[in-house]
Amino acid sequence: MTNAAVDRMLTVTLRVSRFTPKPERPGRRRGGSPFGSRSKSPFGGDVASGRTNRARGKRWTQDYTLDVHASDSVLDCLLAVKREQDPSLAFRYSCGHGMCGSDAVAINGTPTLLCTAKVRDWVRPDTPGFVDSDGFRPTGEPLDDDAHALNLDDLDPDTPLIIELAALPGFPTQRDLIADIDPMLNQIRKLEPYLKASGDLKVTDEGKINAFEYLQNPAQLARYELLSNCIACGVCEGSCPVYAGGDAFVGPAAMIAASRFINDSRDGATADRLTALMEPDGARACQSVRACSMHCPKGIDVGEELWQTIQKVDAARVSSEAE
């Protein structure tokens, strides 16, 4: 793709899955997984939490057509729509630079961040020839892979282009493109994602305190440094076919939060963290599909990290049963 094609003007249609909620009927509960464990697990919800409610309301699809640069982000497109066409369109964003993780949605069915998704990488021809006879798009490769992006140099100027947008899958929809990620954040919070230092300070040969800091060498830091970059955007959970709201599986984001401190040599609560993941909706619920690894905006191999944590949980379970 040439530099001119990268920054060319395109007429793009944003096809947005919209949703307007209705007030929930008092005392009525809807949805929820029949496999959810709520009795013993620290991740299980309760009646008051409302996490199994499926929102009621009006759903429809709305098209917005606008002229944009190929190098613009999809977030730029939505902001233009909100300013110039439809101020009622609802979506969440904050920093706009892929650091806060608040603008995760599904673009062309793939969970990703609005602010890092470029128009040139996500536009698709809005023609029947782009789908097969059953109405399905070609699959087998990640749609956001640069090698499989649309070649704008070969594009007919009259080709209609489209980008499809929907709220992040796996979570209840609050309005339009805004998903309710509170279940994920609550699960991370229940794992106590903060350092619980063991209190062991470095001492000299004479027994005197040598340093008040909890020192680490580079190898110890490398074990968890990448995991600390997780921004809890929910992209991994939106990609996970098992998560589906967190009733049957605590989810990859919470397990990554636990793994970050399990791998930290300064933390003294490793046994408690592993025990918390021994519940039926913890490590055992992960099916190792590894779809969570495909689109992490921070480059974390979520599936591999989860597999290593699962092995540690299994070893801790065997050890506890042997005692």
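This text gives an overview of the structure that appears in the document. The structure displayed is predicted, hence computed values, not measured ones. (Residues numbered from 1 in each chain as written. Predicted model: local features only at pLDDT ≥ 70, side-chain atom pairs only at ≥ 80, totals over all residues. Heavy atoms only, no water.)

1. Notes on the nonpolar core
- Ranked by internal contacts, the top residues of the largest apolar core, which has 70 residues, are Val12, Leu14, Ile107, Ile163 and Leu165.
- For Val12, the contacting residues outside a window of four places in its chain are Tyr64, Thr65, Leu66, Val68, Val119, Val123, Leu161 and Ile163. (Core = buried A, V, L, I, M, F, W, Y, C linked by side-chain atoms within 4.5 Å. Buried < 20%, exposed > 50% of the residue type's maximum accessible area, 1.4 Å probe, protein only. Contact = heavy atoms within 4.5 Å.)

2. Examining the packing of helix α4 (residues 182–190) against helix α7 (residues 252–262)
- Between α4 and α7, the shortest axis-to-axis distance is 9 Å and the interhelical angle comes to 25°. Judged by the inter-axis angle, α4 sits roughly parallel to α7. Note on packing geometry: the crossing formed by α4 with α7 is right-handed. Every residue of α7 that contacts α4 at Met184, Gln187 and Ile188 is listed here: Ala253, Ala254 and Ala257. (Axes fitted to C-alpha atoms, helices over the stretch in contact; angles between N-to-C directions. Helix = DSSP H or I, 4+ residues; strand = E, 2+ residues; numbered from the N terminus. Parallel < 35°, antiparallel > 145°, perpendicular 65-115°, else oblique. Left-handed = near helix turned anticlockwise from the far one by under 90°.)

3. With respect to helix α9 (residues 302–322)
- Between its terminal C-alpha atoms α9 stretches 30 Å, which fits the 30 Å expected from 21 residues at 1.5 Å a residue.
- Those residues of α9 that sit buried are Val302, Gly303, Glu305, Leu306, Thr309, Ile310, Val313 and Arg317. The arc enclosing the buried residues of α9, seen along the axis, measures out at 150°, which places them on a common side. Facing away from the buried surface of α9 by more than 90 degrees, the exposed residues are Val318 and Ala322.
- Elements that come into contact with the buried residues of α9 comprise α6 (235–239), α7 and α8 (270–276). (Expected span 1.5 Å × (residues − 1). Arc of directions from axis to C-beta.)

4. A look at the pairing of strand β1 (residues 9–21)
- Looking at chain direction, β1 and strand β2 (residues 57–69) are connected through 13 bridges and run antiparallel. If you follow Arg18 over to β2, its bridge partner there is Trp60.
- Relative to strand β6 (residues 161–167), β1 runs parallel, the two being bridged by five bridges. Of the residues in β6, the one forming a bridge with Arg15 is Glu164. (Pairing = 2+ DSSP bridges.)

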